[in-house]
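# What the coordinates show
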Amino acid sequence: MAGVETESRASRRLRITVAGTVQGVGFRPFVYRLAGQHGLSGWVRNVADGVLIEVEGDESALRIFAEVLRTDAPTLASVSDSTVVTIPAEGGTGFAIRESIEGADIRPIVPPDIATCPDCLSDMTSPANRRYAYPFTNCTNCGPRFTIIERIPYDRAGTTMSGFRMCPDCETEYRDPLDRRFHAQPNACPVCGPHLILDGVRSAEDREVVAQAADLLLAGSVLAIKGLGGFHLACDARSDEAVSALRTRKGRVGKPFALMCLDHIEARRICVVDAPSEALLLSPERPIVLMPARHGNGISHFVVEGSSDLGVMLPYTPLHHLLLSAGPPTLVMTSGNLSEEPIAHEDCDAARRLRHIADHILAHDRPIHVPCDDSVMRVFEDAPMPIRRARGFVPRPIDLGVEMPQILACGGDLKSTFCLTKGSLAVLSQHLGDLENAPTLDHYERMVAHFRRFFDCEPEVVAHDLHPDYHSTRYAESSGIARQIAVQHHHAHIASCMAENGLEGPVIGVAFDGTGYGADGRIWGGEFLVADSRDFRRAAHLQYVPLPGGDAAVRRPGRMALSYLLRACGPDVAVQLLTPEEVRVVAAQIERGVNCPLTSSMGRLFDAVSALLGVCREVTYEGQAAMELKAAASGPSEGVYRYDLSRDGGPIRVDVRPMIREIVEEVARGKQVAGISAKFHSTIADMTVRVCSALRDQTGLSRVAMSGGVFQNVLLLGMVAERLRKRGFEVLIHRLVPCNDGGLSLGQAVVAAGRCMR
Ligand code: ZN
Ligand code: ZN
Ligand code: FE
């Protein structure tokens, strides 16, 4: 027997279980190589909750093995837990990688989709390589994951690659533990793998198809291009004609389009890219990164109107690399959908829905099982801050460090996501869109079912927004889950910020957003809470103003401006800034109180000021007025406007009427919009710090958690954070989930868990 010598000294056998994101990331080959290096025998296999290892050998080799296992795991792996027990020695020689077994206790282990790695890029660009210019090249370190996995354990049979039978060459790589493609489930080559389909015609000559598609783009065509998580609509970003055609056909008026640049050099040419933004652009997650545009960058002005930031990403699939190398160096790459519907991901669906928008459709025959949009991030104070969390990040769990019951948190209705908890982990869905759209709601329901199966989660508790009419609330009520917990919108925002910062509270929570259902049935949004992860007290808020026409006022910031003007200055001044007809209609609405709820929303105050200054009187997408107001601000602000804090024992109320009057005077005197906008931002920051200081005096708390969609405005966020720190506050902001309603579901889950454990 060959292993006799080893065996005679093999004093121990260990059974090691490793949980976390350890499947599909090259963990087993890593274990295999490690065991080989140290002359250890045994085996490794995927199990439902991670990886199971049995390893046998002498004491010192085992110690090194266990140590390196912890410290040198593959880059894409993330180990959440590992246990080691000694079991009776069995002897034997060699180390094997065994087949997966299905198990009961499934924990979140599915990896996200990862951008093409440098090794695969080098394969694709070497003419001698058998994957030269092959658009579906991938390996253990890169490629599709989340979007192609139908069930776990993660094996080829459980993915949308199951229909492709590997050729002998691919099979050899797949079986060789020392190969980079060992057990790379989507492994493929031109002989056996997926191919491109241009306008319904599949061709094995991918290189020619890419050349054709690149020429079409250069000639100004709009193409629907199938990516990892769905279809994009793409065109040459330099062409006014192409970009404006895309805008018209997609029915998207003002919202900026995302761009994809050939490489970071091209990105630097069109944007001001600082070092942290560049690192983010080049990260394996490859999000869209928001950065200031450069003047004269040659990009069509139809790409973005009224904002100085551009959203740029770098190629993240082999097809993107090939197309951008042969075609325009910068493409518009916007989600392949009609505004607010879910992204198209099935070929027939894309053909039906995108036919009228795209001149040509570039698809392929690797099915997408789970649609997933691009993630959007920006850099704030040198670190990434998420705006939309999707591809590259989902379904990576967030470890909250405390055991929780199994909870389904349904999120909000706009920018919706949901969250499942299991053990100490929270898994958020990808950004799903606005549930007011029937197709999005269907998609949402399908995704909840998928994630529940994926993570074998049987929620005992369902958490939802306090708003009785949210679709997500109704979904929760009809979910059949017995225990339902309603969580106030702004409490959920603050709880999500606390949770990702590892805090249970209490804190001072500053929640500034557009709309959230208040505990008094009114529309909140300029809120200061004293909160922990169970309860909150509303400690201060913007004074209520009428929201004339409800949603109509959200679409038409001019109405909001009028609402503030009538309160601050009376009808005479109001007339000077708006047409008499408009004033008459809105004033009557406010007077009669018909369809005129009260709101303390900070988002609406930004809208009002934006409209007052003539920056934006009508919006075509959420947050537009505030974004354009921020973009208009420049120069140092001279002081702050007046405002009053009224205190009578209850919550502090912030009265901004004095500020509105001063702004009206400055407008009348012809002061520049840039200066007024800067001074307005400074005033809101000043007010925030003053209220926080008052609450610190009241409660002794000096930690401030900031959340809510208004804080996507980094000018405001920066001012508030800096001034709070100067006054000795500890400032908590979002780094893992969005501050907008995309992060709400995490906060709901945390509050529900807090209430259950009371
Ligand atoms: Zn690779
Ligand atoms: Zn092959
Ligand atoms: Fe919100």
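Above this text you will find the structure in question.
First things first, this report covers the structure right here in the doc. (Residues numbered from 1 in each chain as written. Chains lettered and ligands numbered in written order. Predicted model: local features only at pLDDT ≥ 70, side-chain atom pairs only at ≥ 80, totals over all residues. Heavy atoms only, no water.)

### Quick word on the sheet that holds strand β5 (residues 95–97)
Taken in spatial order, the five strands make up an open sheet running β4-β1-β3-β2-β5, and their pairing is mixed. Both outer strands of the open sheet, β4 (78–87) and β5, are each paired with one neighbouring strand and no more. Adjacent strand axes in the sheet meet at a mean angle of 15°, parallel and antiparallel pairs treated alike. Against the sheet, helix α2 (residues 27–37) makes contact with β1 (12–21), β2 (41–47), β3 (50–57), β4 and β5, and its axis sits at roughly 170° relative to β5, the strand it touches most. Its contacts with the sheet place helix α3 (residues 59–71) against β1 and β3, and it is angled at close to 160° to β3. (Pairing = 2+ DSSP bridges. Helix = DSSP H or I, 4+ residues; strand = E, 2+ residues; numbered from the N terminus. Axes fitted to C-alpha atoms, helices over the stretch in contact; angles between N-to-C directions. Contact = heavy atoms within 4.5 Å.)

### A short note on empty space enclosed by the protein
Counting across every chain of the model gives five cavities of 30 Å³ or more. Within this model, the largest cavity holds a volume of roughly 120 Å³. Pro135, Leu228, Thr317, Pro318 and Arg366 are the residues nearest the centre of the largest cavity, which is lined by 17 residues in total. What lines the second largest cavity is a set of 14 residues, and nearest its centre among them are Gly24, Val25, Gly26, Arg28 and His183. The element contributing the most residues to the lining of the second largest cavity is α2, with three residues. (1 Å grid on protein atoms, 1.4 Å probe; cavity = no way out; pocket = protein on both sides within 12 Å on 5 of 7 lines; lining within 4 Å. Points joined across faces, edges and corners; volume = space filled by probe spheres on them.)

### Structural notes on the pairing of strand β13 (residues 330–335)
Within β13, six of the six residues are buried, which leaves the element mostly enclosed by the surrounding structure. In this sheet, β13 lies alongside strand β9 (residues 231–236) in antiparallel orientation, the contact comprising five bridges. What sits directly across from Ala234, in β13, is Met333. One ladder, built from three bridges, connects strand β10 (residues 258–261) with β13; its direction is antiparallel. Looking at β13, one finds that Leu259 is bridged to Val332. (Buried < 20%, exposed > 50% of the residue type's maximum accessible area, 1.4 Å probe, protein only.)

### A look at the coordination of the zinc ion (ligand 1)
Around a metal, the ideal angle is 109.5 degrees if four donors adopt a tetrahedral arrangement and 90 or 180 degrees if six donors adopt an octahedral arrangement. Coordination of the zinc ion (ligand 1) by the protein is provided by Cys117 (SG), Cys120 (SG), Cys139 (SG) and Cys142 (SG), with metal-donor distances spanning 2.3 to 2.4 Å. Here the zinc ion (ligand 1) is ringed by four donor atoms whose angles at the metal span 102 to 121°, and the overall shape comes out tetrahedral. All donors of the zinc ion (ligand 1) belong to a single chain; written as a sequence motif, their spacing is C-x2-C-x18-C-x2-C. With Cys120 in helix α4 (residues 118–125) and Cys142 in the loop between α4 and α5 (168–175), the pair connects residues that are 22 residues apart, well separated along the chain. Note on accessibility: Cys120 and Cys142 belong to one class, buried. (Donors = N, O, S within 2.8 Å, 3.2 Å for Na, K, Ca; no water. Tetrahedral: all angles 85-135°; square planar, octahedral: opposite > 155°, others 65-115°.)

### As for the coordination of the iron ion (ligand 3)
Of the protein atoms, only His489 (NE2), His493 (NE2), Asp513 (OD) and Asp741 (OD) coordinate the iron ion (ligand 3), at distances of 2.1 to 2.3 Å. Given four donor atoms and angles of 87 to 172° at the metal, the environment of the iron ion (ligand 3) is assigned as irregular. One chain supplies every donor for the iron ion (ligand 3), spaced along it as H-x3-H-x19-D-x227-D. Here His493 is found in helix α14 (residues 489–500), whereas its partner Asp741 is found in the loop between β29 (730–732) and α24 (744–756), with 248 residues between them in sequence. The pair His493 / Asp741 is uniform in exposure class, with both members buried.

### Points about the state of the cysteines
Per the stated rule, a full pass over the model turns up zero disulfides. Cys739 provides the cysteine sulfur closest to Cys497, a residue in no disulfide bond, and the two sulfurs are 9.0 Å apart. (Disulfide = S-S within 2.5 Å.)

### Points about unusual backbone geometry
Between Val394 and Pro395 the backbone carries a cis peptide bond, its omega angle lying at 10°. Looking at the element boundaries, Pro395 is found in the loop between β16 (383–388) and β17 (398–409). Residue Pro506 is reached from Gly505 by a cis peptide bond, and omega for that bond is 0°. On the secondary structure map, Pro506 appears in the loop between α14 and β21 (507–517). Its identity is not glycine, yet Asp199 carries a phi of approximately 45°, on the positive side. Residue Asp199 is classed as partly exposed on the basis of its relative accessible area of 40%.

### Points about the layout of surface pockets
Its volume calculated, the second largest pocket comes out at about 330 Å³. Around the second largest pocket, the lining is made up of 18 residues, and of these His345, Glu346, Pro371, His443 and Arg446 lie nearest the centre. Per-element tally for the lining of the second largest pocket: the top contributor is helix α12 (residues 438–454), with eight residues. Its residues placed into classes, the lining of the second largest pocket shows seven nonpolar, four polar and seven charged. (Nonpolar A, V, L, I, M, F, W, Y, C, P; charged D, E, K, R; others polar.)

### Overview of the pairing of β10
By the alternation rule, side chains of β10 split into Ala258 and Met260 and Leu259 and Cys261, which are all buried. With three bridges joining them, β10 and strand β12 (residues 309–313) adopt parallel strand pairing. Pairing of Met260 across the sheet is with Met313, part of β12.

### Focus: the sheet that holds strand β19 (residues 461–465)
A sheet is described by the order of its strands in space; here four strands give the open sequence β18-β17-β19-β20, paired in mixed fashion. Each having just a single partner strand, β18 (419–428) and β20 (483–487) make up the two edges of the open sheet. Strand after strand, the sheet turns through a mean of 60° between neighbouring axes, direction not considered. Across the sheet, α24 touches β17, β18, β19 and β20, and the angle it forms with β17 is around 90°.

### Some thoughts on helix α16 (residues 557–568)
A rise of 1.5 Å per residue sets the reference length of α16, with its 12 residues, at 16 Å; its end C-alpha atoms lie 16 Å apart and thus fit the reference within 8%. Where burial is concerned, most of α16 is hidden: 10 out of the 12 residues are buried. Of all the residues in α16, the buried ones are Pro557, Gly558, Arg559, Met560, Ala561, Leu562, Ser563, Tyr564, Leu565 and Ala568. In the segment just after α16, Gly570 is the residue with positive phi, at about 85°. (Expected span 1.5 Å × (residues − 1).)

So far we have only geometry, and geometry alone does not tell us how the molecule works.
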